[in-house]
There are 2 protein chains.
Amino acid sequence: MTPFDAAVYADRRRRAAAQAAAAGLDGILVTPGPDLRYFLGYTPAADTERLTMLAIPAAADGAGDPVAVVPRLEEHDMHLGAVGGIETLAWSDGEDEHAVAGRLLRPEGRYAVSDAAWALHVLGLQRALPASSYAAVTTVLPLLRAVKSPEEVARLAAAGAGADAVFDEIVPRPFTGRRERDVAADLDALLREHGHEQVDFTLVCAGEHGADPHHEPGDRVIRSGDMVVMDFGGLADGYGSDTTRTVHVGPLTDREQHVHDVVRAAQQAGVDAVRPSATCQDVDRAARAVIEDAGFGEHFVHRTGHGIGLTTHEPPYMVSGEETPVEAGMCFSVEPGIYLPGELGVRIEDIVVAFPSGVPGLADAPGAAMRLNTSPHEVVVVE
Amino acid sequence: MTPFDAAVYADRRRRAAAQAAAAGLDGILVTPGPDLRYFLGYTPAADTERLTMLAIPAAADGAGDPVAVVPRLEEHDMHLGAVGGIETLAWSDGEDEHAVAGRLLRPEGRYAVSDAAWALHVLGLQRALPASSYAAVTTVLPLLRAVKSPEEVARLAAAGAGADAVFDEIVPRPFTGRRERDVAADLDALLREHGHEQVDFTLVCAGEHGADPHHEPGDRVIRSGDMVVMDFGGLADGYGSDTTRTVHVGPLTDREQHVHDVVRAAQQAGVDAVRPSATCQDVDRAARAVIEDAGFGEHFVHRTGHGIGLTTHEPPYMVSGEETPVEAGMCFSVEPGIYLPGELGVRIEDIVVAFPSGVPGLADAPGAAMRLNTSPHEVVVVE
């Protein structure tokens, strides 16, 4: 991905150091993956068992001195790759990497650690410093990457526009007589044509397969009369896209149209729930209420949405019990669905950016979620 | 990858249950990745934050009842994908997944957990069951996947033969005037032509870049007089290849030939160290001694080798301090190198299968490591 200015990464580290201090933590331990890309603009060439970890010490004023523990073999690449540079502490094969990393930590400290850090390493740190303690970043600092900067929203908007272009190009193509996997392959190729360097999923669920929200596209041949759920996305210049539309091969039955109408109304209700003082579970409740009122409550079997950024699934989650307030700049999916076993499924998904207390620059605008996807919400009939 | 018979997976689970009991553990918690492929033949479609975990209870007689915790959304796919089937315990969005998984565990139990399990999940289990404890699989059961069955050795041999074919095809091609990244792209394409469904690395390190063992191939143009280190591999039908050869553009200087001779002798010494009662560090010591005796000790900056199987880096490690005995059926790399900053690097790497107490079927054969790579060890001159 195109790196941001070095100042962006330094600022993120300062904010994180201050958030860690406010949460009563001694620091944040960042391992390879989206967290390390976020704070250092760096991705090691290979995801190996060797410990790589950026330690950001907590500091109320944000002025800590982050240090990266790195295998000596990778030290040179890290200096080349880290945007703006970083102090490193290298360890060599045969050394106890966790003891080396432990030198950067308080023996009785409490640290947040990247969700996807290897168990090998968090357990190794617990062994090296038995009085230290750890919590997953999303457990103690769930909002660390949740509020996007304008530059990040712009990347997400570009990724969403790419996904919308994919939808525009797929619907005129023939569906009847092709297998789910053929359409999925088209979606994959189209995503790459439209700026995606990584494709994470291209679900194509025809007819009764639509009732499984995570059905993997297979040899099922699409035929006239099928509802077809298409859910696709990936990373474009480092930021995620994720959109779902449900199309129909030929004219719909009244029941199919009704189910689609209910989901469409639920999706709109989820978007409309982004208002002053809304919490994440309010978004879920609003979408779910529409589906429950229509009598399909038991067939909406997943949460309403998830955050998106450097990954396609991250906090905040729009799910019952999640009382986190929706903040300006949060970007997440709103994707209710109805799944009727043996019959069909319908899901509609957009990525939105939240402005619960009003849209910046529009003094009179009410709180709102702005959609980053603009593909049509009415059901598209394909051939 | 082509699955093995269901009996293979069931047998692996039984052996693991017995090993866990022998190690005083209450069970093994297996998460997506190579461990789950090993024990269940299953890979979820996406690596997400949702908990998927196979719990194998310890049982001295191996007769436990493994159960897989799985997101409800993925339960259907797991039943389709798990070879031979498995009992599942599904959880839904909004439930506490760690509390659900905790129902399968003893509150004060001690468990081995996959090395690459997410910190989110191991910390979540610690929170759900505060009296339980965890250790990384490779810390407490390092040999769980280390000894390969004949069927696995056959897959590794096929992967190695594919890598050898890649070397055969790359050396007649022109090197002079091409960039490192061009040769690396050729290696990538050739690996795929020769049976690899995944390419993990294609290092091409010309001249002074050879002094960085993990140099990423870039725009450096290869020219006459360059030593060129090529280290490449990936997965073929699920099992890893990993080989390194150092070629030279045009005739070598005496010093270059000498350095290559030393590395070649060190590599042979490492292979020859696989004898009755040899430990992993003996392999490292034997290779390192040759390089130290030649006065290059400080320039051999990494361990001598690593295990290989469903991943390209796994236990056992051929490194100082590793006192694990080398067992029949262990497969690992032997890859000493010399790295002269600003000048050049030389590394030679083969994958071997160990028979420290004699080769099966050859009554009079001494202990030995059989190479799964047969590319030439003398330096190949390219143009």
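Residues numbered from 1 in each chain as written. Chains lettered and ligands numbered in written order. Predicted model: local features only at pLDDT ≥ 70, side-chain atom pairs only at ≥ 80, totals over all residues. Heavy atoms only, no water.

Caption draft 1: The overall build of chain A, seen in detail. Secondary structure summary: chain A contains 10 helices and 18 strands in total. Whereas a compact globule of 383 residues would reach a radius of gyration of roughly 21 Å, chain A reaches 23 Å, a difference of no more than 12%. Dimensions of chain A, computed from C-alpha atoms along their principal axes, come out at roughly 65 × 45 × 40 Å. Of all 383 residues assigned to chain A, the portion counted as buried reaches 59%. (Helix = DSSP H or I, 4+ residues; strand = E, 2+ residues; numbered from the N terminus. Rg over C-alpha atoms; globule rule 2.2 N^0.38 Å. Buried < 20%, exposed > 50% of the residue type's maximum accessible area, 1.4 Å probe, protein only.)

Caption draft 2: Spotlight on the domain arrangement of chain A. All names here are of chain A. Here chain A is described as being made up of domain 1 (6-140) and domain 2 (150-382). Averaged C-alpha coordinates put domain 1 and domain 2 at centres separated by 34 Å. Across the boundary between the two partners, domain 1 contributes 5 residues, which contact 5 residues of domain 2. Summing the contributions of domain 1 and of domain 2, the shared interface buries around 400 Å²; its carbon and sulfur component is 70%. Where domain 1 packs against domain 2, one counts 1 salt bridge. Between Glu152 and Arg12 there is a salt bridge whose closest N-O contact spans 3.5 Å. At the boundary of domain 1 and domain 2, one finds 1 residue pair in polar contact (both at pLDDT 80 or more). It is helix 2 (residues 34-40) that contributes the most residues to the side of domain 1 that touches domain 2, 3 residues altogether. The class makeup of the residues in the side of domain 1 that touches domain 2 is 2 nonpolar, 1 polar and 2 charged. (Domains from an automatic or database assignment. Contact = heavy atoms within 4.5 Å. Buried area = accessible area lost by both parts, 1.4 Å probe. Salt bridge = Lys/Arg side-chain N within 4 Å of Asp/Glu carboxyl O. Polar contact = N/O pair within 3.5 Å; in protein donor to acceptor, adjacent residues only side chain to side chain. Nonpolar A, V, L, I, M, F, W, Y, C, P; charged D, E, K, R; others polar.)

Caption draft 3: Expanded view of unusual backbone geometry. Of note, the amide linkage connecting Pro315(A) to Pro316(A) takes the cis form, showing an omega dihedral of 0°. Here Pro316(A) is to be found in strand 12 (residues 314-318). Positive phi is not limited to glycine here, since Asp237(A) has a value of about 50°. Position of Asp237(A) relative to the elements: it lies in the loop between strand 8 (227-236) and strand 9 (239-240). The phi dihedral of Ser277(B) is positive, around 65°, even though this residue is not glycine. With respect to the helices and strands, the residue Ser277(B) is situated in the loop between helix 9 (254-272) and helix 10 (280-293).

Caption draft 4: Region of the structure containing the sheet that holds strand 6 (residues 133-136) of chain B. Residue and element names in this part refer to chain B. Strands sit in the order 4-3-2-1-5-6 across an open sheet of 6 strands; the sheet is mixed. The sheet is open, and its two edges are formed by strand 4 (87-91) and strand 6, each paired on a single side. For this sheet, the mean inter-axis angle between neighbouring strands, taken without regard to orientation, is 25°. Its contacts with the sheet put helix 3 (residues 72-81) on strand 3 (67-71) and strand 4, and the angle it makes with strand 3 is roughly 130°. Sitting on the sheet, helix 5 (residues 119-128) touches strand 1 (27-30), strand 2 (53-57), strand 5 (110-113) and strand 6, and the angle it makes with strand 6 is about 160°. (Pairing = 2+ DSSP bridges. Axes fitted to C-alpha atoms, helices over the stretch in contact; angles between N-to-C directions.)

Caption draft 5: Fine view of the interface of chain A and chain B. Each side of the interface is counted separately: chain A has 38 residues, and chain B has 38 residues. Interface of chain A and chain B: buried area, both sides summed, is about 3,000 Å²; carbon and sulfur atoms make up 56% of it. Of all residues in chain A, Leu73(A), Leu123(A) and His214(A) give up the largest surface area on contact with chain B, accounting jointly for 18% of the area buried on that side. At the boundary of chain A and chain B, one finds 4 salt bridges. Asp93(A) is the salt-bridge partner of Arg303(B), the closest N and O atoms lying 3.9 Å from each other. Viewed at the interface, chain B and chain A are joined by 15 residue pairs in polar contact (both at pLDDT 80 or more). At the level of elements, helix 3 (72-81), helix 5 (119-128), strand 6 (133-136) and helix 6 (137-140) of chain A are the ones that each hand at least two residues to the side of chain A that touches chain B. Sort the elements by how many residues they give to the side of chain A that touches chain B and helix 5 of chain A lands first, with 6 residues.

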